[in-house]
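Each chain is listed here by its residues.
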Amino acid sequence: MTVPHKDMANAIRALAMDAVQRANSGHPGMPMGFADVATVLFTRIMKFDPSEPDWADRDRFILSAGHGSMLMYSLLHLLGYEDMTMQEIKDFRQLGSATAGHPEYGFAKGVEMTTGPLGQGLATSVGFALGERLLNADFGDELVDHFTYVAAGDGCLMEGVSHEAIALAGHLQLSKLIVLFDDNDITIDGPLSLSDSTDQICRFKASGWDVASVDGHDPDAVEAAILAAQKTDKPSLIACKTTIGFGSPNKQGTSATHGAALGADEVAATRKALGWSHEAFDIPQDILGAWRGAGKRSEGARTEWEARLDASDAKAEFTRRQQGQLPQGLDAAIDAYKKQLVADQPKTATRSSSEMALEVINAALTETIGGSADLTGSNNTKTKNLEVVGRGNLKGRYIYYGIREFGMAAAMNGLALHGGFIPYSGTFLVFSDYARGAIRLGALMHQRVIHVMTHDSIGLGEDGPTHQPVEHLASLRAMPGLLVFRPADAVETAECWQAALESEHRPSVMALTRQGLPTVRTEHTSENLSAHGAYELKAASGEAKVTLFATGSEVEIALAAREILEGEGTPARVVSVPSFELFFEQEEEYQREVIGNAPARVAVEAAVSLGWTSFIGESGRFVGMTGFGASAPIKDLYAHFGITAEAVVAAAKSQL
């Protein structure tokens, strides 16, 4: 017997309100209102297989409105994802469960990304959809041909990053991106009219999207709209007019269903109104069977795809890229490049050193994909022969993201999550503030995304304090799961790139200079010293009385200070610290050896001191910034702010 759509959708509503009620915490309104749309999408449209949840050519579904997480969890359980048991549903929002308050990547199969910060699911979906088209260009329709679907609410569309995302997607004509707008006119504060009157249909249309409006509780209309959207040559927005908390007789259509349990009495009343007579967490076998059958719809498509992959000459390369494995030969290429650098000893800005390293890396890897937020010439992220991805040309390895730092970082997360790519892109370090939300989400999801952040200090000069980062290194170093690299020369830059590429499960920031720096690594070693986070760059002539710690452009200042101290008879050593995070992951014995036991310790960095006590202790000295910068030539700025070899020497002597 065919199970009516209404009963299948009501299964979602029942699980959502029961789980939220049991937890006494959560957002039942969105899942209850969007249940009809989701039922159509997952039972009639989408291509996926719960028995092989990581199938590379599955359609992707992103719940941008992550507060409605019980929609996702209900779907996964009903469709037969093995790890989403009924006990997990009952343990919603409890410690150690897979059913976190907002969907978290890696907690449960079928959750494509972590969502919750509104707008980021939508912005990240641009990377998913772009990744599908770029991988299709590399491997063809037989291996890559799927859609990206997004459920987004009013909050997602009010967030500023949504503008960056829809503009970029419209410009690139990402026709396999379909956004289902949960158009319910409600936010936490109350009616949407309290804070917004935007015509979203006109807004998306103006950005080059195909648009449609449907009754979100009419399953046939929803299905027809999605099928039509699949045939356009643009990304699509389908505004699905829904009632939040659908079925709740006293609260539906109001903010009362948005972020709180309905209450026992209202849950009972909702059961009656929906005609759902079953007990809490009880899904009748006929309804569950219909859902499980829907979960098996694409088994045949998946097995046919596997046969095509097995027969493909590209199987090994496709599989390697999907698994995130680096190709053989990269280490040898970087080692040979380091030898050449030691021989040439270039004096160059580390942003230029980064470009030089990328020439080697991009020749060895097919999966790196670069870009910049309208600063290509300043960030040095485009290497020779990288084809530009653009409107009408969804192939290549370089993306002009425009002035969209947040949207760029989110799209890079999507490219990484999609699989098959190692994205990197550039802006100025000071503008990491714009991208911070996406950088944080990338760290939370353990994604290998590399953020090239140039113009990393007052050393950028005349652009002044609006562009001179001061607190940014400390702020980024405080973020769990993020690697922050600040190399001192071309050799360290190559090593930092190598370490970032080998860090498969976390993002990295490359903080790079505008000003030229001398080569400080003048002897070759195949060992990646920067991968230790810190290492002794220059030993003392005897038992060290002073240890000088420095990063990036200040390493040459530390070396000059050492020469002064040594000339005066005070043995001093220099430790280069390209990565705090990697250093504190080393064995304690190595850490003690590198920090040493010299009675005087001084750190020098053209930034604030936060974090440096881990190296210099409470009694150590710091030479750096205590406030914002200024607009002036670089030669004047370092002297003006007292970041000089003489200041470092004085700081050391003050301890001795």
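Reading the values: rules and limits
- Residues numbered from 1 in each chain as written.
- Predicted model: local features only at pLDDT ≥ 70, side-chain atom pairs only at ≥ 80, totals over all residues.
- Heavy atoms only, no water.
- Helix = DSSP H or I, 4+ residues; strand = E, 2+ residues; numbered from the N terminus.
- Expected span 1.5 Å × (residues − 1).
- Bend = angle between axes of the 7 residues up to and from the residue.
- Buried < 20%, exposed > 50% of the residue type's maximum accessible area, 1.4 Å probe, protein only.
- Contact = heavy atoms within 4.5 Å.
- Salt bridge = Lys/Arg side-chain N within 4 Å of Asp/Glu carboxyl O.
- Polar contact = N/O pair within 3.5 Å; in protein donor to acceptor, adjacent residues only side chain to side chain.

Caption draft 1: Seen up close, the environment of Pro423. Locating Pro423 in the fold gives a position in strand β12 (residues 422–428). Taking the C-alpha atoms as reference, Pro423 lies 9.4 Å from Ala409; in sequence the two are 14 residues apart.

Caption draft 2: Region of the structure containing helix α18 (residues 432–444). Compared with the 18 Å implied by 1.5 Å per residue over 13 residues, the 17 Å span of α18 between its first and last C-alpha is a close match. For α18, the principal kink sits at Ala438 and spans about 35 degrees. Ser432, Ala435, Ala438, Ile439, Leu441, Gly442 and Ala443 are the residues of α18 that are buried. Where α18 is buried, its residues meet α5 (120–139), α17 (405–418), β12, β13 (450–454) and α19 (472–477). His446 sits one or two residues past α18 and shows a positive phi near 60 degrees.

Caption draft 3: Local environment of the pattern of salt bridges. Inspection of the entire model under this criterion finds 33 salt bridges. Notably, a salt bridge pairs Arg320 with Glu367, separated by 2.8 Å at the nearest N-O pair. One end of the pair, Arg320, is in helix α13 (residues 315–323); the other, Glu367, is in the loop between α15 (350–364) and β9 (368–372), and 47 residues separate them in sequence. Assessed through its relative accessible area of 12%, Arg320 is described here as buried.

Caption draft 4: Summary view of the side chain of Lys47. Here Lys47 is to be found in the loop between α2 (29–45) and β1 (60–63). Taking the relative accessible area as the measure of exposure, Lys47 reaches 19% and is therefore buried. Here Asp57 takes part through its side chain, which lies 2.9 Å from a polar atom of the side chain of Lys47. There is a polar contact of 2.8 Å between the side chain of Lys47 and the backbone oxygen of Asp145.

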